[in-house]
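Fold and contact review
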Amino acid sequence: MITGSIVALVTPMANNGDIDWVALDKLVEFHIENGTSSIVAVGTSGESATLNPEEHCAVIKRVVEVVAKRIPVIAGTGANNTQEAIELSIEAKAAGADACLSVVPYYNKPTQEGMYLHFKTIAEAVDIPQILYNVPGRTVADMQEETTLRLANDVENIIGIKDATGDVERNRSLVANAPEGFAVYSGDDITAVELMLAGGHGNISVTANVVPKQMSKLCELAIAGEAGQARALNESLMELHNQLFVESNPIPVKWAVSELGLMGKGIRLPLTPLSNQYTAPLMSAMQSAKQL
């Protein structure tokens, strides 16, 4: 089972929007050196919505190659078209990814039965572990606990879920009712510590792009049940968690990573660079977090 701090990796781009492959290699090494447990390549934070299919698969392949089996790689392969999600999962498996992260279908608002059949069909079509991803703030559709547990119990290679609802009580219920061996990850940096203290297995994190060492320590403490230390560390990172969402993700986090000197400021429309009014507060939060 993959556990700990799992970075939802940004995709570095040049000013004209081209993928910066040299910077991508640098980011991978930065995370391995700073204790990140696993990398998600081309999730929402990786601008999956603006990469074409060839770029999408090429980024996954490059991350797998650079990681070279030092830590697990989870490929973002979700789509609101079931066949497209299958095709991306096939490519991820061929590239050597360890698992896939598949988001609840967005925009077309499937029923709970539609979600169940969507994920079941993908998992049965491709022999690679699948991690579900429920983020109703992005998708509008909200996968209920009953549907998640049906999939967890019915489909062997559906191995976990990233829950980005930020609902602590709901997270606790999901952890308590999930079958043995089914991983529950947070997808919400602010509340992730509480999910892990309740028995969750890790955090698929935006904040880890900026302070990987601190997020790795946070996850280590929370998973070990060190509640006091984990909550204190999380509180010291709270301003950074919040500032990284002052505009739509990944706008703030791409600006932050560029300020670390790890990549340029490139981002693709319809996303735009971080508004000037937010740069000083985000920089202040970064400076405070890095002094921990």
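This section reports on the structure supplied with the text. Note that this is a predicted model, so its numbers are computed, not measured.

Observations regarding helix 3 (residues 82-95)
Taking 1.5 Å as the rise per residue, helix 3 with 14 residues should run 20 Å; its terminal C-alpha atoms sit 20 Å apart, in good agreement. By the burial criterion, the buried members of helix 3 are Ala85, Ile86, Leu88, Ser89, Ala92 and Ala95. Considering only its buried residues, helix 3 is in contact with helix 2 (53-67), strand 3 (73-76), strand 4 (99-103), helix 4 (112-125) and strand 5 (130-134). Put simply, asparagine 81 is the residue that caps the front of helix 3, since its side-chain oxygen is 3.0 Å from the backbone nitrogen of glutamine 83.

Here we look at the pattern of salt bridges
This structure, assessed with the given rule, holds twelve salt bridges. With a closest N to O distance of 3.8 Å, lysine 217 and glutamate 220 form a salt bridge. One end of the pair is lysine 217 and the other is glutamate 220, both in helix 9 (residues 212-223) and three residues apart, which spans about a single turn. For lysine 217, a relative accessible area of 38% puts it in the partly exposed group. Measuring nitrogen to oxygen at the nearest pair gives 2.7 Å for the salt bridge that ties lysine 265 to glutamate 259. What makes lysine 265 partly exposed here is its relative accessible area of 44%.

Quick word on the nonpolar core
Formed by 63 residues in total, the largest nonpolar core has its most connected members in Val63, Val210 and Leu240. A per-element tally of this core places helix 2 first, with six residues. Those residues in contact with leucine 240 that lie beyond four places of it in its chain are Thr207, Val210, Val211, Leu282, Ala285, Met286 and Ala289. Ranked by size, the runner-up nonpolar core spans 20 residues in total, among them Leu132, Ala141, Ile161 and Phe182.

Focus: the pairing of strand 6 (residues 158-163)
Taken across its six residues, strand 6 has five buried, putting it largely inside the fold. One ladder, built from five bridges, connects strand 5 with strand 6; its direction is parallel. Following the sheet pairing, isoleucine 131 is matched in strand 6 by glycine 160. In the sheet, strand 6 pairs with strand 7 (residues 183-186) via four bridges, with the strands oriented parallel. Paired with aspartate 163 across the two strands is serine 186, which belongs to strand 7. In this fold, strand 6 hands off to helix 7 (residues 168-177), which returns the chain to strand 7; that crossover is right-handed.

Thoughts on the packing of helix 3 against helix 4
Relative orientation of the contacting elements helix 3 and helix 4 amounts to 30°, with a least axis distance of 9 Å. Between helix 3 and helix 4, the angle is such that the two are roughly parallel. The hand of the helix 3/helix 4 crossing is right-handed. Between helix 3 and helix 4, the contacting residues are Thr82, Ala85, Ile86 and Ser89 on the first element and His118, Thr121, Ile122 and Ala125 on the second.

Calculation criteria
Residues numbered from 1 in each chain as written. Predicted model: local features only at pLDDT ≥ 70, side-chain atom pairs only at ≥ 80, totals over all residues. Heavy atoms only, no water. Helix = DSSP H or I, 4+ residues; strand = E, 2+ residues; numbered from the N terminus. Expected span 1.5 Å × (residues − 1). Buried < 20%, exposed > 50% of the residue type's maximum accessible area, 1.4 Å probe, protein only. Contact = heavy atoms within 4.5 Å. Polar contact = N/O pair within 3.5 Å; in protein donor to acceptor, adjacent residues only side chain to side chain. Salt bridge = Lys/Arg side-chain N within 4 Å of Asp/Glu carboxyl O. Core = buried A, V, L, I, M, F, W, Y, C linked by side-chain atoms within 4.5 Å. Pairing = 2+ DSSP bridges. Right-handed = clockwise from strand over helix to strand, strands pointing away. Axes fitted to C-alpha atoms, helices over the stretch in contact; angles between N-to-C directions. Parallel < 35°, antiparallel > 145°, perpendicular 65-115°, else oblique. Left-handed = near helix turned anticlockwise from the far one by under 90°.

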